[in-house]
Amino acid sequence: MFEFMRIAPLLQAPPIGKALEVKGWVRTRRDAKGDFSFLEINDGSCLANLQVVADSTLFNYEGEIKRLTTGCAVRVAGDLVASPAKGQAVELRCRELTVYGWAPAETYPLQKKHHSFEFLRSMTHLRPRTNSLAAVARVRSALSLALHRFFAERGFCYVHTPIITTNDCEGAGEQFTVTALDMNKLPSRDGLVDFSRDFFGRQASLTVSGQLEAEVYALALGNVYTFGPTFRAENSNTSRHLAEFWMVEPEMAFCDLTDDINLAEEFLKYLLASVRSECGAELDLFCKFIDPALHDRLAMVLDQDFARITYTEAVERLRKAGRTFDFPVQWGADLQSEHERYLAEEVFKRPVVVTDYPRVIKPFYMRINDDNRTVAAMDILVPGIGEIIGGSQREERYDVLLARITENGLRQADYEWYLDLRRYGSAPHAGFGMGFERLVQFATGMANIREVIPFPRTPGAAAL
RNA sequence: UCCUCGGUAGCUCAGUCGGUAGAGCAGGUGGCUGUUAACCACCUUGUCGCUGGUUCGAGUCCGGCCCGGGGAGCCA
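Reading the values: rules and limits
- Residues numbered from 1 in each chain as written.
- Chains lettered and ligands numbered in written order.
- Predicted model: local features only at pLDDT ≥ 70, side-chain atom pairs only at ≥ 80, totals over all residues.
- Heavy atoms only, no water.
- Core = buried A, V, L, I, M, F, W, Y, C linked by side-chain atoms within 4.5 Å.
- Buried < 20%, exposed > 50% of the residue type's maximum accessible area, 1.4 Å probe, protein only.
- Helix = DSSP H or I, 4+ residues; strand = E, 2+ residues; numbered from the N terminus.
- Contact = heavy atoms within 4.5 Å.
- Near = heavy atom within 4 Å.
- Polar contact = N/O pair within 3.5 Å; in protein donor to acceptor, adjacent residues only side chain to side chain.
- Nonpolar A, V, L, I, M, F, W, Y, C, P; charged D, E, K, R; others polar.
- 1 Å grid on protein atoms, 1.4 Å probe; cavity = no way out; pocket = protein on both sides within 12 Å on 5 of 7 lines; lining within 4 Å.
- Points joined across faces, edges and corners; volume = space filled by probe spheres on them.
- Axes fitted to C-alpha atoms, helices over the stretch in contact; angles between N-to-C directions.
- Parallel < 35°, antiparallel > 145°, perpendicular 65-115°, else oblique.
- Left-handed = near helix turned anticlockwise from the far one by under 90°.
- pLDDT = per-residue confidence, 0-100.
- Domains from an automatic or database assignment.
- Buried area = accessible area lost by both parts, 1.4 Å probe.
- Salt bridge = Lys/Arg side-chain N within 4 Å of Asp/Glu carboxyl O.
- Pairing = 2+ DSSP bridges.

Things to note about the nonpolar core
Phe-267, Ile-389 and Met-434 are the most contacted members of the largest nonpolar core, which totals 60 residues. Ranked by residues supplied to this core, first place goes to helix 5 (residues 257-278) with 10 residues. The contacts of Ile-389, once residues within four sequence positions are left out, are Ala-264, Phe-267, Leu-268, Met-378, Asp-379, Ile-380, Phe-432, Gly-433 and Met-434.

A closer look at the protein's contact with RNA strand B
Close to RNA strand B lie 49 residues, the nearest being Lys-33, Lys-86, Glu-91, Lys-112 and Glu-118. What you see for RNA strand B is that sugar and phosphate hold 50% of its atoms within 4 Å of the protein. In this structure, Arg-93 approaches RNA strand B through a side-chain N or O atom, which is 2.5 Å from a base oxygen. Take Arg-450: an N or O atom from its side chain is 2.4 Å from a phosphate oxygen of RNA strand B. Mapped by element, the contributors of at least two residues to the surface near RNA strand B are strand 2 (19-32), strand 3 (36-42), strand 4 (50-55), strand 6 (90-101), helix 2 (117-121) and helix 9 (337-347). Element by element, the count of residues in the surface near RNA strand B is highest for strand 2, at four residues. Considered class by class, the residues forming the surface near RNA strand B number 15 nonpolar, 18 polar and 16 charged.

Remarks on empty space enclosed by the protein
Following the criterion strictly, the structure yields one cavity of 30 Å³ or more and no others. Its boundaries defined by the atoms lining it, the largest cavity holds a volume of some 40 Å³. Taken together, Tyr-311, Val-315, Pro-328, Val-329, Gln-330, Ala-333, Asp-334, Leu-335 and His-339 make up the full set of residues lining the largest cavity. Split into classes, the residues belonging to the lining of the largest cavity amount to six nonpolar, two polar and one charged.

So, the side chain of Thr-207
By the secondary structure assignment, Thr-207 is in the loop between strand 12 (204-206) and helix 4 (211-221). When its relative accessible area of 4% is taken as the criterion, Thr-207 is described as buried. In terms of polar contacts, Thr-207 uses its side chain to reach the backbone carbonyl oxygen of Ser-209, at 2.8 Å. What Thr-207 contacts, discounting residues up to four positions off in sequence, is Pro-162, Ile-163, Thr-165, Pro-229, Thr-230 and Phe-231.

Points about the packing of helix 3 (residues 131-153) against helix 6 (residues 280-289)
At a minimum axis distance of 10 Å, the contact between helix 3 and helix 6 shows a crossing angle of 135°. The angle between the axes of helix 3 and helix 6 places the two elements in the oblique class. Handedness of the helix 3/helix 6 crossing: left-handed. Contacts between helix 3 and helix 6 pair Asn-131, Ser-132, Ala-135, Val-136, Arg-138 and Val-139 from the former with Glu-282, Leu-285 and Phe-286 from the latter.

Some remarks on the packing of helix 3 against helix 5
Look at helix 3 against helix 5: their axes get within 9 Å of each other, and the N-to-C directions meet at 135°. One way to sum up the angle between helix 3 and helix 5 is to call them oblique. Helix 3 and helix 5 meet at a crossing whose hand is right-handed. Counted together, Val-139, Ala-142, Leu-143, Ala-146, Leu-147, Arg-149, Phe-150, Phe-151 and Glu-153 of helix 3 and Leu-263, Glu-266, Phe-267, Tyr-270, Leu-271, Ser-274, Val-275 and Glu-278 of helix 5 form the full contact between these two elements. Split into classes, the residues belonging to the contact of helix 3 with helix 5 amount to 12 nonpolar, one polar and four charged.

Considering the confidence of the model for chain A
On average, chain A scores 91 in pLDDT, and the residues at 70 or more come to 98%. Across chain A, the element-wise mean pLDDT spans from 85 in helix 2 up to 97 in strand 7 (residues 157-158). This complex was scored by the predictor with a pTM of 0.93 and an ipTM of 0.82.

Considerations on the environment of Asp-399
Within the fold, Asp-399 resides in helix 10 (residues 398-407). Put simply, Asp-399 and Glu-345 are 54 residues apart on the chain and 41 Å apart in space, counted from C-alpha to C-alpha.

Some details on the environment of Leu-39
Looking at the element boundaries, Leu-39 is found in strand 3. As for Leu-39 and Thr-258, which are separated by 219 residues in sequence, their C-alpha atoms are 56 Å apart. Here Leu-39 is in contact with Thr-28, Arg-29, Leu-50, Gln-51, Val-52, Leu-68 and Leu-97, once residues within four sequence places are set aside.

Some details on the domain arrangement of chain A
By the assigned domains, chain A splits into domain 1 (3-101) and domain 2 (127-172 + 208-451). The straight-line distance from the C-alpha centre of domain 1 to that of domain 2 is 45 Å. A combined buried area of about 510 Å² lies between domain 1 and domain 2, and 46% of that area is made up of carbon and sulfur atoms. Summed over the shared surface of domain 1 and domain 2, the result is zero salt bridges.

Some words on the layout of surface pockets
Reported here for the second largest pocket is a volume of approximately 1000 Å³. Along the walls of the second largest pocket sit 34 residues, with Arg-27, Thr-130, Asn-131, Ser-132 and Leu-285 positioned nearest its centre. Per-element tally for the lining of the second largest pocket: the top contributor is helix 3, with five residues. When the residues that make up the lining of the second largest pocket are grouped by side-chain class, the tally is 13 nonpolar, 12 polar and nine charged. Both domains that furnish three or more residues to the lining of the second largest pocket are identified here as domain 1 (3-101) and domain 2 (127-172 + 208-451).

Comments concerning the sheet that holds strand 19 (residues 429-435)
Spatially, the eight strands line up as an open sheet ordered 7-13-14-19-18-17-16-15, and their pairing is mixed. Looking at which strands have only one partner, the edges of the open sheet turn out to be strand 7 and strand 15 (307-310). Note: strand 17 (residues 374-382) against strand 18 (residues 386-393), six bridges, orientation antiparallel. Directly across from Met-378, in strand 18, lies its bridge partner Gly-391. Across the sheet, helix 4 touches strand 7, strand 13 (223-231), strand 14 (244-253) and strand 19, and the angle it forms with strand 14 is around 30°.

Right under this line is the structure:
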């Protein structure tokens with residue numbers, strides 16, 4: 001007799017006059033005169049609550065309804081009517097209310113008030129019940145779906161690269177070791193742990209990037225992308241780093257650096273435009289309470305072309321900046337955060353693509369340019385976040401790649417499979433990587449990356 | 001890892017010159033109102049992060065430690 005509806009579609013096209021049923025959590029209760037009460041119900045389908053009017057003729061009005069507090073789970077059935085008062089277009093006139101679960105106000109930590117994100121972080125299991133964290137979750141989901149749509153529309157194949165990898169990444173970032181050995185009785189040989197007796201017969205770790213494996217599939221399927229968790233064991237304590245985060249990595253065969261940059265720019269614009277059209281209420285919330293400049297920053301990305309300069313030009317720009325930086329600017333040194341911010345926020349005031357970095361500061365797989373001292377690399381810097389995308393054209397020439405592996409002190413034996421890709425049917429190819437949480441940060445204005453992933457893992461913290 | 005700021009009621013915070021802790025919200029009681037983070041009155045709530053020291057007396061000053069925020073570095 002009552003038709004169940006989620007609140008999002010209910011509010012979008014209110015079926016006034018219908019007998020409806022909603023299920024959700026009480027956000028607030030306001031009593032009027034002792035005759036009736038207003039309840040605000042949120043079911044997570046959208047930011048907005050549904051106002052319920054429950055009066056004293058209900059059999060459980062005194063016994064249950066007047067005891068409802070923030071957080072209680074309920075089912076409400078009644079008639080949807082136009083609201084006579086300001087503040088909401090419709091309201092549900094309650095005929096039945098069932099309590100699924102109480103949330104005693106004396107102990108339930110969430111109140112009908114502002115809480116600091118730091119406080120909410122101490123309860124990762126309850127924080128998605130707040131407006132802001134639920135809004136972040138919806139934006140994150142919308143961005144994920146938009147990302148798949150973007151690549152699907154362009155004929156990309158979604159490839160699941162491994163989480164556990166045996167890529168030997170000497171000289172690279174710290175990795176988490178994956179082992180099934182008894183940590184209290186480690187087998188050893190020559191004073192070192194003998195990983196030949198471990199599960200995989202060799203040392204394995206959690207992936208720090210799916211790129212090298214993505215290249216395998218790009219050189220078979222043409223255009224591919226990966227999207228999955230990535231792990232770094234660095235002792236990084238910042239608002240932009242996580243030990244476990246999600247990375248998007250497209251990889252395209254028959255593609256050069258310019259194609260790569262064009263795709264990256266199109267990609268960012270597509271994703272942010274999707275959020276703007278699908279999550280308007282959430283963005284308004286962020287703009288109001290989190291970051292007043294949010295709408296302007298999104299427009300800044302969406303409404304203009306990205307600036308494009310070479311690393312060498314960037315260094316000149318910084319030298320002529322007429323200001324001193326904490327870190328000196330010199331050709332051959334990597335750009336510091338302060339340099340990147342200056343370029344994006346003050347010089348161009350929009351996203352900037354910096355290309356052709358010195359080969360000495362970039363990894364072995366990036367393609368050497370004709371000048372022999374730079375590589376076909378690109379970083380996209382956005383105001384507020386800094387580097388959001390890093391990519392390159394990959395070295396497709398066997399001899400050059402082999403020389404770079406050697407010059408970086410890597411063992412050729414570990415990269416024979418990677419060299420095979422150049423030995424047989426090699427082709428120009430390029431790709432980029434984007435830290436997904438950085439994008440969610442940019443799209444929501446959230447200052448700390450720990451608020452844009454459901455269960456953040458950082459040094460010393462892995463709750464749940 | 002370094003620099004810096006902080007830790008006071010369930011939450012957000014104030015606490016002056018060292019003199020024995022209090023405001024809003026939350027919670028409780030009563031009142032009022034088609035209410036909108038409702039409102040009004042009254043009531044309850046403290047290991048002042050831990051530890052040692054200075055002092056007649058420490059939330060306040062000094063040392064050590066723990067935890068957190070921000071910034072930087074690290075960062076396939």
